[in-house]
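# Breakdown of the fold
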Amino acid sequence: MRSESVRTKRKKRHWTKNDTELSILALPTTVWYILFCFLPMFGLVIAFKNYKITGGKSFIYNVIHSEWAGFKNFEFLIKSNDLYIILRNTILYNLTFIVLGMVLSVGMAIMISLLHNKRKSKVYQTLMFFPYFMSWVVVAYFLDAFLNQSNGLVNGMIRDAGNTPIQWYMKAGLWPFILIFMYLWKSTGYNMIIYLSSITGIDTTLYEAAVVDGANKRQQVWYITLPCLKNVIIMMFILNVGKIFYSDFGLFYQLSQGASGSIFNATATIDTYVFNALQSATPIGMTSAATFFQSVACCITILVANAIVKKIDEDSAII
Amino acid sequence: MGKNKEAENSASRLNMIAGKTNAFFNIIFTIVALMCIIPVVFIFIISISSEQSIKMNGYRFIPEAFSIDSYLFLFREGEMIVHALGISILVTVVGTVLGVALTTLMGYVLSRSDYKLKGFCTMIVFIPMIFNGGMISSYVVNTQFMHLKDSIWALILPLCVSSFNVIICKTFFKTNIPDSVIESAQIDGASQLTIFGKIAIPLSKPLIATIALFLTFGYWNDWFQSSLYITNTKLFSLQALLDHVQRNIQMMANNPTLGVTMQQYMNSMPKEGARMAMAIIIIVPIACTYPFFQKYFISGLTVGAVKG
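Residues numbered from 1 in each chain as written. Chains lettered and ligands numbered in written order. Predicted model: local features only at pLDDT ≥ 70, side-chain atom pairs only at ≥ 80, totals over all residues. Heavy atoms only, no water.

Heads up, the rule is: UniProt positions are given in the numbering used here, feature names are shortened, and annotations may be inferred rather than shown by experiment.
By the naming in an unreviewed UniProt entry, chain B is Carbohydrate ABC transporter permease, taken from Kineothrix sedimenti. If you open the UniProt record of chain B and go to Sequence similarities (unreviewed entry), you find "Belongs to the binding-protein-dependent transport system permease family." Taken directly from UniProt, the Subcellular location (unreviewed entry) text for chain B runs: "Cell membrane".

Per an unreviewed UniProt entry, chain A carries the name ABC transporter permease subunit and comes from Kineothrix sedimenti. Reading the Subcellular location (unreviewed entry) entry of the UniProt record for chain A gives the comment "Cell membrane". What the UniProt record of chain A gives under Sequence similarities (unreviewed entry) is the line "Belongs to the binding-protein-dependent transport system permease family."

Shown next, in the form of structure tokens:
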């Protein structure tokens, strides 16, 4: 009965002055979305074209008048040796970041919530949050100050000890550790605060009840805090998995100074590859194939991750 | 005494971790917190070390001699720095204002449940969260369709709106502005624009502060748009300039065979200390403002974590 009346009510609704006004309010942002989000989506068609720029003609003209290339661009990409490396790096780094980042920031959030002195805890939070606000350009300067070949602090100490300095920017084997460390350094404080804010939102009566039942602190963390954090953890997990084919561009590009030369194998990801290709003479269609793959793969992973989570726990899904 | 009082205040005084564990955690956090802040201190020390002591010993925490030459150098020769600072400030201010306007407008419209095109607008905001055109097609569209190459708008427009912020806005408006208030305003003859400007915005100061701060830091720290779209050095922001300097130094370090012209070029580059002084100039505004705004960020994060 009720739903029927709602439906008839909906049917009766006509376009009103109110709707016109709201449409006008929504218009600027809608235009922004069309120009900066939806047009590039259609621009993905370049991946299937032999894109050529004709001087003086508009972008749309160029797209329409470029020949279709079928899957040629993708063939090129698959045949190049780089594809395997950049794909492997992107996925493995992201998996490491997701797992280590989550363990570290959840652990730290729980630890900081247990500290006796709340003022100290505020100070720690403030200091740990700080790296999040530095750009990767600045962080690259930090790293340079420590690892610089001739002037860096670490090499200075090595020299003082009488050993030969290490050429940090040439040693591929060291870069996974450096990149993972820097990622954690920059993001842990931020993520910790996300988890901490949901820890402080947990109903304190739960803990009181646990104390009455004789649970010690460790059991409380295990049986109350962690289960209560489950939803946030899952949400963050979906968000991160959804970005698994993207890389934190600044991290890989700035810190390794463009992923050039000898450390390419350890630091190149899809994004740095595309960016470098964009700056060089690589045909635009071919790099576009890489981003096409990236967009589609990400869309699929986020939907799949969400679907899996929905199966396990309806409320945790984000879509 | 102070500690006792604090302990009494907390609801479960008996239910705390043991003193030893607390001390252990404190040590861990002290170390981590120091790790987060020491690089900044280190860079600052380098920037006030004398050029000689850098040449002799490299970067050290305790240099042989201090000097403020680097800063003097930047002030004297730093026309470009001052210009870049201007660009950074301009981009940050214009971008933040525009971004807040566009974000809150869309958020407000989405929060009105009686709007006829609400489903359509939700899709417009929601789809880009899952699927996007990627770097190349954005680049092609922005340069060839919108002609943003070497334009200051290339630094501002692409970063204006994020779906995440729009959804935070929508959730906030929905939970904080009762429908009855808006209905009564409508009965009094107010248009939606008046309601938005006179009711919704004044009631949402914490929200606007949060989004404005996110945008401000985003714009201030952005170097990527510059590296894609800007080749004219007159349009370099501070971050872009810093990036440019570092990249050139690295290039020369990697190609020692480039010869005399490169050597000359290197001599014209800022000295070691001056590079670090530039980095400090970027950090200082953030370091000064962010502790005051931290609570807004945290409340913003919490709002964002709530499912809309």
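Following the structure, the description resumes.
### Remarks on the packing of helix α2 (residues 17–43) of chain A against helix α5 (residues 79–111) of chain B
Cut-off, in case you're wondering: Here an axis means a line fitted to C-alpha atoms, over the contact stretch when the element is a helix, while the angle between two N-to-C directions is reported on a 0 to 180 degree scale. Numbering of helices and strands runs from the N terminus, with a helix taken as a DSSP run of H or I at least four residues long and a strand as a DSSP run of E at least two residues long. Each angle is binned into one of four classes, with values under 35 degrees roughly parallel, values over 145 roughly antiparallel, values of 65 to 115 roughly perpendicular, and all other values oblique. Crossing chirality is assigned from the near helix's rotation relative to the far helix, an anticlockwise turn below a right angle marking it left-handed and a clockwise turn marking it right-handed. Pairs of residues are marked as contacts when any of their non-hydrogen atoms sit within 4.5 Å. Put simply, Ala, Val, Leu, Ile, Met, Phe, Trp, Tyr, Cys and Pro go in the nonpolar bin, Asp, Glu, Lys and Arg in the charged bin, and everything else, Gly too, in the polar bin.
Taken N-terminus to C-terminus, the directions of α2(A) and α5(B) make an angle of 130°; their axes are 8 Å apart at the nearest point. Our classification of the angle between α2(A) and α5(B) gives oblique. Relative to α5(B), α2(A) is oriented so that their crossing is left-handed. Counting all contacts with α2(A), which are made through A:L22, A:L25, A:A26, A:P28, A:T29, A:T30 and A:W32, the residues of α5(B) involved are B:L102, B:L105, B:M106, B:Y108 and B:V109. A breakdown of the residues in the contact of α2(A) with α5(B) according to their chemical character gives ten nonpolar, two polar and no charged.

### As for the confidence of the model for chain B
All names here are of chain B. Applied cut-off: Confidence scores per residue from the predictor, reported as pLDDT, run from 0 to 100.
Predicted confidence across chain B gives a mean pLDDT of 83, with 85% of residues reaching 70 or more. Between the elements of chain B, mean pLDDT differs from a low of 47, seen in helix α1 (residues 2–9), to a high of 94, seen in helix α8 (residues 153–156). For residues 1–12, every residue scores under 50 in pLDDT, and the model assigns this stretch seven contacts once sequence neighbours within four places are set aside. Overall fold confidence (pTM) sits at 0.85, and the ipTM for the predicted complex is 0.85.

### Here's the deal with the interface of chain B and chain A
To be explicit about the condition: When two parts are put together, the accessible area they lose, computed with a 1.4 Å probe and summed over both, is reported as buried area. Definition used for salt bridges: Asp or Glu carboxyl oxygen within 4 Å of a side-chain nitrogen of Lys or Arg. Polar contacts, as counted here, are pairs of nitrogen or oxygen atoms within 3.5 Å of one another; within protein the pair requires one atom able to donate a hydrogen and one able to accept it, and residues that are adjacent in sequence qualify only if both atoms are side-chain atoms.
Taken together, the 104 residues of chain B in the interface contact 106 residues of chain A. Summed over both partners, the interface of chain B with chain A comes to about 9600 Å²; 71% of that surface belongs to carbon and sulfur atoms. Summed over the shared surface of chain B and chain A, the number is two salt bridges. Its salt-bridge partner being A:D144, residue B:R275 comes within 2.9 Å of it at the nearest N-O pair. Remark: the boundary between chain B and chain A carries 24 residue pairs in polar contact (both at pLDDT 80 or more). A total of 17 residues in the side of chain B that touches chain A trace back to one element, the largest contributor, which is helix α2 (residues 19–47) of chain B.

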